[in-house]
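# A structural walkthrough
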Amino acid sequence: MRKALILMAVAALGATAACGKEDGGAAAAGTTAAAPGAAGAGGAGGRGGRPPMPVEFAVVKRAPVAEQILVVGNLIGAATVQVVPRVNGRLATVTVQLGDTVRRGQTVAKVEDLEIQEQVRQAQAAYKVSEATIRQRKADLTLATTNRERSKSLYERQLLPQQTYDDTVARHEAAMAQTDLAQAQFEQAKARLEELKITLDNTIITSPVDGFVSKRFSDPGAFVGPNSPVVAVVDIRFVRMVANLVERDSKRVPVGTPAAVEVDAFPGEKFAGRVSRVAPVFDPATRTAEMEIEIPNSSYRLKPGMYSRVSLTVDARANALTIPRNALVEIEGKSGVFIATSGGGRGQGQQGQGPGAQAPAERANTTGGGAAPGNAAGGSGQGQSQGAPSLTAKFLPVEIGIRDGEHIEVTSGLNDGARVITTGAGALKDGDRIVAAASGDGRSGRGERANREGGGQAK
């Protein structure tokens, strides 16, 4: 029993001694780790307390640019006509179907014409009667003329009484009047016959234009008239888009301006056209002018009714100095870009080093702004930990020209080959520290050296 008590006491004393050693080691380690942290914090505070911002760069280069105006609307055919009959009647036949190709003058339908044919026959008979009547009246006039000449000769020789001569002259004048009446009746019968022939021809309904049957309104047996369309024909050898042009763009879009048309039916494909007409007046309610754009459609791929987007090229440069659109920023009402310049000081790696030694991983994290080497912000640890100069964003005002999609023309303020900041430029301020965004393997030291060289060129 006594031996057991002694062994328990010895074990308790050993456990107490071990706990004291562990607590002392932890305290010493904490004291040692605190020194590098304090030094790193002091170094960051000396640079303003904001880690470098990761950015991307692009080279200023020359490229063709074009300024465009985008308008939207629906396509319509070159001509859309509703074919109607010129006479009232019942449809006998309709010879075309929806989608059929028709030519100008081609028969598309016919109205029953039995009654009109009968009227034509009656008019032909009346015409013949009038023709015969006029021949008879002409014969009577010839006889009356002969009697008058004979009576005149006798009267001049005083062989015929005055009254008889006057009667002969009166009969001659009556014969002339009868001839004139017969002639007028003949012309009337002729006109009536021609009219009925035209009416008979009008029972045949023809297409007034070349095109396609876009709609069929009536079927055989239906009663139609001048207000009852039978079919609709659309000419799509070229199509038109009617759009409204705002007042500020009116002087920039003259007749003949090239246009590029896109439709949802053919994604990614553009059809060439041109501005064919611009209205000379503006709508006072909308302050817009109507504009027509013609697009050749020889393959008949574009259909009336398609929703279309049209880009009008209003200005172009063949060899302009350009920057990406995301490189342009606005600061205090001035347009400009950010370029990278050398900071002039040493990196945080030297400022953050204290008397105590740091592990390599700790030094890399401190010089990288406290981030891991694998992310975008901390990727600069390897570039700056060796004492490389830091990079600073500098705002450079520029004058711009044409805006073309993702590129903008620079007319002054930059030289060809300069490097400007693109991604991240919108969040920068003049004098901010920057670092090139890390590549896929987490290292950007080589990228920083290239950016420093690019900053020197831009400068």
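The structure we're discussing is the one just above.
First, a word on scope: everything that follows refers to the structure included in this document. In this text, all values refer to a predicted model and were calculated from it rather than measured experimentally.

### Points about the overall build of the protein
Within the protein, the regular secondary structure consists of seven helices and 21 strands. Put simply, the protein has 459 residues, and 35% of those count as buried. Accessible surface, the protein as shown: approximately 26200 Å² in total, 53% of it carbon and sulfur.

### Looking at the sheet that holds strand β4 (residues 89–94)
Strand order in the open sheet formed by four strands is β7-β6-β4-β9, with antiparallel pairing between adjacent strands. Taken across any chain shown, the strands that pair with only one partner, and hence form the sheet edges, are β7 (204–206) and β9 (223–224). Bridge count for β4 against β9 is two bridges, and the pairing is antiparallel. Within β9, the residue paired with Gly-89 across the bridge is Val-224.

### Digging into the nonpolar core
Grouped together as the largest cluster of nonpolar side chains are 24 residues, with contacts concentrated most on Met-291, Ile-293 and Leu-312. Going through the elements one at a time, β3 (61–83), β10 (231–246), β11 (258–263), β12 (271–278), β13 (288–296) and β14 (307–324) are the ones with two or more residues in this core. For this core, the element with the most residues is β10, which contributes six residues. Ignoring sequence-local partners within four residues, the contact set of Ile-293 consists of Val-71, Val-239, Arg-240, Met-241, Ala-259, Arg-274, Val-275, Ser-276, Val-310 and Leu-312. Residues Val-94, Val-96, Val-230 and Val-233 belong to the second largest nonpolar core, which totals 16 residues.

### Focus on the packing of aromatic side chains
Scanning all chains against the criterion turns up five aromatic pairs. Relative to Tyr-165, the ring of Tyr-155 has its centre 4.9 Å away and its plane inclined at 10°; by these criteria the two rings are stacked. Of this pair, Tyr-155 sits in helix α2 (residues 114–156) while Tyr-165 sits in helix α3 (residues 162–202), and the two are ten residues apart along the sequence. Overall, Tyr-155 belongs to the partly exposed group, its relative accessible area being 31%. Judged by centre distance (5.9 Å) and plane angle (65°), the ring pair of Phe-266 and Phe-271 falls under edge-to-face. Judged by its relative accessible area of 12%, Phe-271 falls in the buried class.

### Re the pattern of salt bridges
Evaluation of the coordinates by the stated rule reveals 18 salt bridges. What you see here is one network of salt bridges that share partners, running through Arg-240, Arg-277, Glu-292 and Glu-294.

### Let's talk about the sheet that holds strand β16 (residues 334–342)
If you trace the five strands from one edge of the open sheet to the other, you get β1-β21-β17-β16-β15, paired in mixed fashion. Each edge of the open sheet carries a strand with a single partner, namely β1 (53–55) and β15 (329–331). Sheet twist, expressed as the mean angle between neighbouring strand axes with direction ignored, is 60°. Here β1 runs beside strand β21 (residues 433–436); their pairing, made up of three bridges, is parallel. Opposite Pro-54, over in β21, you have Val-435 as the bridge partner.

### Topic: α2
Relative to the 63 Å expected for 43 residues at 1.5 Å per residue, α2 spans 63 Å between its end C-alpha atoms, a close match to the ideal helical length. Residues Ile-116, Val-120, Ala-123, Ser-130, Ile-134, Ala-144 and Ser-151 constitute the buried set of α2. On its buried face, α2 is in contact with α3.

### As for the pairing of strand β17 (residues 391–397)
Taken across its seven residues, β17 has five buried, putting it largely inside the fold. The pairing of β16 with β17 spans seven bridges and is classified as antiparallel. Across the sheet, the residue bridging to Val-337 is Leu-396, located in β17. Where β17 and β21 come together, two bridges link them in antiparallel fashion. Bridge pairing links Leu-391 to Ile-434 in β21.

### Things to note about the pairing of strand β6 (residues 107–111)
Sheet faces and side chains relate simply in a regular strand, where the side chains alternate between the two faces. One ladder, built from three bridges, connects β4 with β6; its direction is antiparallel. Residue pairing in the sheet places Val-94 in a bridge with Ala-109 of β6. Pairing geometry for β6 and β7, over three bridges, is antiparallel. For Thr-107, the partnering residue across the bridge sits in β7 and is Thr-206.

What counts, and at which threshold
Residues numbered from 1 in each chain as written. Predicted model: local features only at pLDDT ≥ 70, side-chain atom pairs only at ≥ 80, totals over all residues. Heavy atoms only, no water. Helix = DSSP H or I, 4+ residues; strand = E, 2+ residues; numbered from the N terminus. Buried < 20%, exposed > 50% of the residue type's maximum accessible area, 1.4 Å probe, protein only. Areas by Shrake-Rupley, 256 points an atom, 1.4 Å probe, with all protein chains shown as cover. Pairing = 2+ DSSP bridges. Core = buried A, V, L, I, M, F, W, Y, C linked by side-chain atoms within 4.5 Å. Contact = heavy atoms within 4.5 Å. Phe/Tyr/Trp six-rings, centres within 6.5 Å; stacked < 30°, edge-to-face > 60°. Salt bridge = Lys/Arg side-chain N within 4 Å of Asp/Glu carboxyl O. Axes fitted to C-alpha atoms, helices over the stretch in contact; angles between N-to-C directions. Expected span 1.5 Å × (residues − 1).

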